[in-house]
Amino acid sequence: MHSNDAQMLVLTVLADRPLHGYAINAAIEQLTGSRLGPGSLYGALSRLETRELIEPVEGAGEAAERHRTMQITAAGRDVLRAELQQMARVSAAGLRALGATPT
Amino acid sequence: MSAATLLARLYPPAVRERWGVDISREVTAAGIRSWPDTLAGAVRLWLQPSAWGDNRSGQTRQVLTVMLFAVVAATVLALRTVTPSTALTADIGHPATSLWLVPLLAGVALGAPLPRPRPASLRRLAVVAARTLAAPTVAVGLLLAAAWSGIAEHVTGPADLALVGYYWATLAFLAVRCCTLVARVSAATVLPSTRRLSVALPLFGLGLAMAAGQSLLAGGRTGLHPGGLAVTAVLAVLAATTVIAGHDLRRGQRTAD
């Protein structure tokens, strides 16, 4: 999977609630029907954290220190919103061209 | 060590520290089919140092400096397999075929850690260097003793193979210990800045690309043989690695500025 696609999926599931790595992949599987490979998932998490679009949840307990729980930041929400709005425009244009109506 | 732990260890240190446990757990759960993606993810991150996420701590600079010297060591070993070569020379008598050395050496000079001009730091540097290079120095000494004694000219069969194996094992051991030395001396030296590394890596890559191009051109004229082609491919891969990593570092630097 393209790294940007993986980053969008991670941001999307984190927009709902903070999750740790394994739970993020479970949520992505629920959303798309397939899990991300470990390289795609943790590459996306590392890139998003570096860009400060996600951050670790402070004081999430001892277990969370081994499995870091991440949450989306305000900047992450802005990026996700902009990307989803653009995708929605593309999707609407595509469906119009196909003569279909959005569901 | 399990395959999952081994795969997690292939990631850059900063990523491994934050996500190593989770990567290992995910690989264990997903099984063998997740190995290619895990491996590809590690390669992508090594080529993207700006995504490691530890730019302030200096760990990225240390890891990249060691990475540069690991590429230098791999280059020296690859070139040793085709020495002597008329396509890739290293003397001022043949400037056209030695030009590749200029950007390559400039890259090494820019990316080298510099000793701190303080007696305590210099003493520490000398102690670390002596400890790290003692064993390979002995190995090289034994190799030279074997060469000067003339044994190499008289042995045949398995003994000859063993001697050739010892020669390459010694070179590889020396290369690994030199990289270890670069990793260990960081406290006693001034590491190159991110900006310097972002120039050093592409410069070194340019030298490697020139060497690969020259080797390919010469092969095209005189006929390619598998050994020469393999070395050209290795040089090209190393060139791409350093250029891509350097480009990403410069892009990350611009974003940070």
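Residues numbered from 1 in each chain as written. Chains lettered and ligands numbered in written order. Predicted model: local features only at pLDDT ≥ 70, side-chain atom pairs only at ≥ 80, totals over all residues. Heavy atoms only, no water.

**Q** Any chance you could explain the overall build of chain A here in plain terms?
**A** A tally of helices and strands in chain A yields 5 helices and 3 strands. Ordered by position from N to C terminus, the α and β elements of chain A give α-β-α-α-β-α-β-α. Burial status across chain A gives 37% buried among its 103 residues. Sequence separation of at least 24 residues holds for 46% of the intrachain contacts in chain A that already meet a minimum separation of 6. Only carbon and sulfur atoms are counted for the fraction: they give 51% of the accessible area of chain A, which is about 5800 Å². (Helix = DSSP H or I, 4+ residues; strand = E, 2+ residues; numbered from the N terminus. Buried < 20%, exposed > 50% of the residue type's maximum accessible area, 1.4 Å probe, protein only. Contact = heavy atoms within 4.5 Å. Areas by Shrake-Rupley, 256 points an atom, 1.4 Å probe, with all protein chains shown as cover.)

**Q** Would you mind going over helix α7 (residues 119–149) of chain B with me for this structure?
**A** Helical geometry note: an α-helix holds 3.6 residues per turn, so side chains three or four residues apart project in the same direction. Residues and elements named next belong to chain B. Taken as a whole, α7 carries its principal kink of about 45 degrees at Leu133; the proline Pro136 stands between one and four residues after it. Looking at α7, one finds that the buried residues are Ser121, Val128, Thr132, Pro136, Ala139, Leu143 and Ala146. Buried positions along α7 lie against α8 (151–154) and α9 (157–184). Positive backbone phi, at 85 degrees, marks Gly150, one or two positions downstream of α7. (Bend = angle between axes of the 7 residues up to and from the residue.)

**Q** Mind showing me how you'd approach the packing of helix α2 (residues 13–30) of chain B against helix α3 (residues 35–46) of chain B here?
**A** Residue and element names in this part refer to chain B. Here α2 crosses α3 at 170 degrees, and the two axes come no closer than 12 Å. The orientation of α2 relative to α3 falls into the category roughly antiparallel. Facing α2, whose interface residues are Pro13, Val15, Ile23 and Val27, α3 presents Trp35, Thr38, Leu45 and Trp46. For the contact of α2 with α3, the class distribution of residues is 7 nonpolar, 1 polar and no charged. (Axes fitted to C-alpha atoms, helices over the stretch in contact; angles between N-to-C directions. Parallel < 35°, antiparallel > 145°, perpendicular 65-115°, else oblique. Nonpolar A, V, L, I, M, F, W, Y, C, P; charged D, E, K, R; others polar.)

**Q** Just checking my understanding: could you explain the pattern of salt bridges for this structure?
**A** For side chains of opposite charge, pairing can occur when their charged atoms come near one another. According to the stated counting rule, one finds 7 salt bridges over all chains in the structure shown. In this structure, B:Arg251 and B:Asp248 form a salt bridge, with 3.1 Å as the shortest nitrogen-oxygen distance. A residue pair is termed a helical-turn pair when its members lie 3 or 4 positions apart in one helix, as B:Arg251 and B:Asp248 do in helix α11 (residues 226–256) at 3 residues. Connected through shared salt-bridge partners, A:Glu29, A:Arg35 and B:Glu26 make up one network. (Salt bridge = Lys/Arg side-chain N within 4 Å of Asp/Glu carboxyl O.)

**Q** How do you make sense of the sheet that holds strand β3 (residues 69–72) of chain A when you look at a structure like this?
**A** Consider a sheet: its strands pair through backbone hydrogen bonds, and that pairing is either parallel or antiparallel. On the basis of which strands lie adjacent, the open sheet formed by 3 strands has the order β1-β3-β2 (chain A) and antiparallel pairing. Each end of this open sheet is capped by a strand with a single partner; those strands are β1 (19–20) and β2 (54–56) of chain A. (Pairing = 2+ DSSP bridges.)

**Q** Looking at this model, I keep getting lost on the interface of chain B and chain A. Mind explaining?
**A** Much of the literature gives interface size as the accessible area that the parts lose upon coming together. With 23 residues of chain B at the contact, the number on the chain A side is 22 residues. Looking only at chain B, the three residues that lose the most surface to chain A are B:Trp19, B:Arg25 and B:Glu26, adding up to 36% of its buried area. In this structure, the connection of chain B to chain A is made through 2 salt bridges. A:Arg35 serves as the salt-bridge partner of B:Glu26, at 3.0 Å between the closest nitrogen and oxygen. (Buried area = accessible area lost by both parts, 1.4 Å probe.)

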